[in-house]
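Here's the letter readout for the chains.
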Amino acid sequence: MRGRHADAAAYGLGVLDDPAEFETHLRGCARCRDRVAGFIPVTGALAEAVRLSYLPAEGGAPRRGKPPGPLLLLALGVTVTALCAT
Ligand SMILES: [Zn+2]
């Protein structure tokens, strides 16, 4: 199996194509478990942004004509912070 450390962010955000294969790696890699745990607040903020229609649901089109609200800016800030911390 190739090194999978680079897949931690995609797994943490729920967009990894083959999560089962990564989970095998995850069981033996504390570094990746820490990284994945760091994305939990990000995924929560993004889900809330979708719920409030600041972001499109999966496969949906983005809303137009309205500037980003404070929750979207918060979600983006949390995302950038999480990515910088890894
Ligand atoms: Zn790893």
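The structure this text deals with has already been given above.
What you are looking at is a predicted structure, and each value in this text was computed from that prediction instead of being measured.

**Student:** Looking at this model, I keep getting lost on the overall build of the protein chain. Mind explaining?
**Tutor:** What the protein chain contains, in helices and strands, is five helices and zero strands. In the protein chain, buried positions account for 20% of the 86 residues.

**Student:** Help me out: how do you make sense of the environment of threonine 79 in this one?
**Tutor:** Relative to the assigned elements, threonine 79 resides in helix H5 (residues 70-85). Among the residues examined, threonine 79 registers 17 C-beta atoms within 10 Å and is labelled partly exposed. Sequence separation between threonine 79 and glycine 38 is 41 residues; the distance between their C-alpha atoms is 9.7 Å.

**Student:** Even after reading the chapter, I still don't get unusual backbone geometry, so can you show me in this structure?
**Tutor:** Excluding glycine, most residues fall at negative phi; most peptide bonds, likewise, are trans. At serine 53, a residue that is not glycine, the phi angle is positive and equals roughly 65°. Along the polypeptide, serine 53 turns up in the loop between helix H4 (40-51) and H5.

**Student:** Is there a simple way to explain the nonpolar core in this structure?
**Tutor:** What tends to happen in soluble globular proteins is that the nonpolar side chains get buried as a cluster. With twelve residues, the main nonpolar core is built from Ala8, Tyr11, Phe22, Cys32, Val36, Phe39, Val42, Ala45, Leu46, Ala49, Tyr54 and Leu55. Among the elements that line this core, the one with the most residues is H4, at four residues. Looking at which domains feed residues into this core, each of domain 1 (1-38) and domain 2 (40-86) supplies at least three. Every residue in contact with valine 36, bar those within four places of it in the chain, is listed here: Ala8, Tyr11, Gly12 and Leu26.

**Student:** Can you help me understand H4 in this one?
**Tutor:** Structural remark: α-helix, 3.6 residues per turn; residues separated by three or four positions point the same way. Compared with an ideal rise of 1.5 Å per residue, which puts twelve residues at 16 Å, H4 spans 17 Å between its outermost C-alpha atoms and is within 8% of the ideal. All of the buried residues along H4 are Val42, Ala45, Leu46 and Ala49. Across the axial projection of H4, the buried residues extend over an arc of 100°, all falling on one side. Exposed residues lying more than 90 degrees from the buried face of H4 are Ile40, Gly44 and Arg51.

**Student:** Which parts of the structure should I look at to understand helix H3 (residues 30-38)?
**Tutor:** Within H3, burial applies to Cys32, Arg35 and Val36. In an axial view of H3, the angular spread of the buried residues amounts to 100°, which keeps them on one side of the axis. In H3, those exposed residues whose orientation departs by more than 90 degrees from the buried face are Ala30, Asp34 and Ala37. Along its buried surface, H3 packs onto helix H1 (8-12) and helix H2 (19-27).

**Student:** For this particular structure, what's the right way to read the environment of isoleucine 40?
**Tutor:** For isoleucine 40, the position within the fold is in helix H4. Take isoleucine 40: there are 11 C-beta atoms within 10 Å of it, and that puts it in the exposed class. Placed 28 residues apart in sequence, isoleucine 40 and glycine 12 show a C-alpha to C-alpha distance of 7.0 Å.

The rules behind the values
- Residues numbered from 1 in each chain as written.
- Predicted model: local features only at pLDDT ≥ 70, side-chain atom pairs only at ≥ 80, totals over all residues.
- Helix = DSSP H or I, 4+ residues; strand = E, 2+ residues; numbered from the N terminus.
- Buried ≥ 20, exposed ≤ 12 C-beta atoms within 10 Å, placed from the backbone.
- Core = buried A, V, L, I, M, F, W, Y, C linked by C-beta atoms within 7 Å.
- Domains from an automatic or database assignment.
- Contact = placed C-beta atoms within 7 Å.
- Expected span 1.5 Å × (residues − 1).
- Arc of directions from axis to C-beta.

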